Amino acid sequence: MNIMTEAAVEQKVQAGLNEPAVKMKGESVDVHYGEKQALFGVNLDIRENQVTALIGPSGCGKSTFLRCLNRMNDTIDIARVSGKITLDGEDVYDPKIDVVELRARVGMVFQKPNPFPKSIYENVAYGPRIHGLTKNRAELDGIVESSLKKAALWNEVKDRLNESGTGLSGGQQQRLCIARAIAVSPEVILMDEPCSALDPIATAKVEELIDELRENYTIVIVTHSMQQAARVSQRTAMFHIGYLVEEGATEKMFTNPDDKRTQDYITGRFG
Amino acid sequence: MAGYLFGFMALAAFVAAFLGAARGRSKRFAATEKTHSRPIYHGLNAAIWTGVPAFVFLLLWLLFQNSVIDMLVIGSYPGADSLSGSEKNLLISEIRQVAAGSVFREPTPEITAAVAHLKSLQALSSWAMLAVVAALVAVGAFLGIRAIQTRYPARHSVERSVTWFMMFSSLVAILTTAGIVLSLVYEALQFFARVPATEFLFGLRWEPQIAIRADQVAGQGAFGMIPVLFGTFAVSALAMAVAIPTGILSAIYLTEYANERFRAVVKPLLEILAGIPTIVYGFFAVLTVAPLVRSLGLSIGIDSAPNSALAAGGVMGIMLIPFISSLSDDAFAAVPRAIREGSFALGATKGETIRKVLLPAALPGIVGGVLLALSRAVGETMIVVMAAGLIAKMTLNPFESVTTVTVQIVTLLIGDSEFDNPKTLAAFALGLVLFIITLGLNLIALRTVRKYREKY
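Residues numbered from 1 in each chain as written. Chains lettered and ligands numbered in written order. Predicted model: local features only at pLDDT ≥ 70, side-chain atom pairs only at ≥ 80, totals over all residues. Heavy atoms only, no water.

If you look chain B up in an unreviewed UniProt entry, it shows as Phosphate transport system permease protein from Allomesorhizobium camelthorni. Database annotation for chain B, UniProt heading Sequence similarities (unreviewed entry): "Belongs to the binding-protein-dependent transport system permease family. CysTW subfamily." Reading the Function (unreviewed entry) entry of the UniProt record for chain B gives the comment "Part of the binding-protein-dependent transport system for phosphate; probably responsible for the translocation of the substrate across the membrane." (UniProt positions renumbered as here; feature names shortened; annotations may be inferred.)

The name given to chain A in an unreviewed UniProt entry is Phosphate ABC transporter ATP-binding protein, with Allomesorhizobium camelthorni as the source organism. UniProt, in the comment section headed Sequence similarities (unreviewed entry), describes chain A in these words: "Belongs to the ABC transporter superfamily."

Regarding the overall build of chain A
Check the secondary structure of chain A and you find eleven helices and ten strands. Compactness check: chain A gives a C-alpha radius of gyration of 18 Å against a globular reference of 18 Å for 271 residues, within 12% of the reference. Referenced to the eigenvectors of the C-alpha coordinate spread, the extents of chain A come out at roughly 50 × 45 × 40 Å. Counting over 271 residues, chain A shows a buried share of 53%. Long-range pairs, those at least 24 residues apart, make up 66% of the contacts in chain A with a sequence separation of at least 6. Carbon and sulfur atoms make up 48% of the accessible area of chain A, which amounts to about 12,000 Å² in all. Charged side chains in chain A number 32 positive and 38 negative. The centres of these two groups are separated by 3 Å. (Helix = DSSP H or I, 4+ residues; strand = E, 2+ residues; numbered from the N terminus. Rg over C-alpha atoms; globule rule 2.2 N^0.38 Å. Buried < 20%, exposed > 50% of the residue type's maximum accessible area, 1.4 Å probe, protein only. Contact = heavy atoms within 4.5 Å. Areas by Shrake-Rupley, 256 points an atom, 1.4 Å probe, with all protein chains shown as cover. Lys, Arg positive; Asp, Glu negative; His and termini not counted. Charge placed at Lys NZ, Arg CZ, Asp CG, Glu CD.)

Some thoughts on the UniProt feature "domain: ABC transmembrane type-1" (unreviewed entry) in chain B
Feature annotation in UniProt places "domain: ABC transmembrane type-1" (unreviewed entry) on residues 229-445 of chain B, given in this structure's numbering. Annotated as residues 229-445 of chain B, this span is 79% helix and 0% strand, and its ends, taken at the C-alpha atoms, are 21 Å apart.

Looking at the side chain of B:Arg340
Residue and element names in this part refer to chain B. Mapped onto the elements of the fold, Arg340 is located in helix 12 (residues 337-345). Taking relative accessible area as the criterion, Arg340 reaches 13% and is therefore assigned buried. For Arg340, the side chain forms a polar contact with the main-chain oxygen of Val335, separated by 3.0 Å. (Polar contact = N/O pair within 3.5 Å; in protein donor to acceptor, adjacent residues only side chain to side chain.)

Digging into the pattern of salt bridges
All names here are of chain B. Scanning all chains against the criterion turns up 28 salt bridges over all chains. Residue Glu256 pairs with Arg340 through a salt bridge whose shortest N-O separation is 2.5 Å. Of the two residues, Glu256 is situated in helix 8 (residues 226-257) and Arg340 in helix 12; the sequence distance between them amounts to 84 residues. Judged by its relative accessible area of 11%, Glu256 falls in the buried class. (Salt bridge = Lys/Arg side-chain N within 4 Å of Asp/Glu carboxyl O.)

What follows is the structure in structure tokens.
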């Protein structure tokens, strides 16, 4: 799965020992929705095995950027993306890249839990099935179980795997969607405000989960909650009206940001 | 007369509305405190008071006046007490005909006297009607306009009236259905009094053309509905075999693949298909499709009738495509975008997403559409009357002609018919069977459609 290109190896070497390697990279990314430009020349590195939080007021382009990373904007007819986005050094918008394979490597969890109207088991087994990841039922059972365990949902649902996924509570549904994303063994998981539809207890569980997942995955999370960004992320990128304002280690961003807009936003003065 | 009265009532209601609105607007009310209702409501309320009671009265009067007059005329006819029900009906229709001026033979003095009586009663009735309607309009207008006060809740009373009217409208369909069922059941019972129900339900021969008059040459008669029902199901099955795949595939293409321009053109065209009168489909079936099917059948060496089940069923299937495609279309469109994105985000292709996520999620809606189309197919008449056969045959060869329940109902009721003869009455028994089948299909369809609303 993890076949590294030369460029990626080079990056790893360059990054040295302290800094984790760059997993995905956006270079002067512009996005237009029809006539309207939503992103202006964004340059942003996503580092391996770290949680990168994208923050900024509504409509600032953070979700748009997130959706570029696995080309979910392709499903919107009027969206146009220019610039360069790489995954392990490969351009994901290269016509030779199969978008279906890309999305298997870069999974996504959405703002509103969107389990399929199928059983819990089928929800998780869906990805492995379409990608032919398993040879037999036992292997598939294994993937379902381990994915649900990684998503910290196994204990709650192990006795009712055949019940509908839509019958779970909101927090459970969101963890089911995370399990579903994990089941195809992605390298990167994109999360678009994964907790905005959840109560504080469910949010705490999902945040805890994100922290654990960091060990094996690279995570990019869009969030409106400053506390959440501070709690779960190692790096933070601040967006404002389509521009990347600044990006850096979360600690620095929240204590001593370079840009006044970041300062104002995280202290609640605007947005 | 009644027509003028309806016009008069409408005019009076209109005038009352104006007067009421003007009164509601006048300074006297507005000056002191805040008015409860705007002038338009006062006007509408006055109009309702003026028009509705008179309207209801007039309807009831028209409904019952003839039977009351008949009863009075018969009651005063000498020796009427000894007459039976049907003789009384004959007598009254003779009296009415004479009164209308169509005389076939010299009326007896009794008839002449009765005619005079009838005419005087009719004149009395129309004057009484006029007087009561005028009185109701006047009293209603007076009460309605007098009721207008600053705090009079005309808004509420108008809305209450409208609610009543809506309830009445919704009852019309139900009452009509009940009436249809009752009349069907009544005639069907007449039939079952003459032909045993077991023979009808389980008999394998259908030869209903028995003699109605003694001098007619006709068959012995057999009333087993199974071959006819078989024909209906054969034609419906062929129709569904055409309509289901075409309808669902076109819905999938239109919702998931087609671009906006293609969709904007094709969707209305598809819906036009639903608007073509079935008799036009019938022409198409009998003049174009049937000969094609026959020559196709003969060319591959199958015994083919000029009117084949395949021609009728195929054309019917085309007629049903829009039903299935537009309901499936809705079902696909109802699947939330988030669920599609969830599937795409896992690296599923469009085809996989449609097959594994959209289709199962939309299935109940599609099944609902299919069942509705099926009940249309079972009840469809014109296409099969023109393109299917008349002889009841149980055959699995689609190039053979079959007959259907609806075709048989039509042929039984055409030509000589008499309502104490099993041949005619059989039509009602068949109608009842058809009604029960389509009702059952519709119930299942509605239930499935309702279930899918809870799905996500």
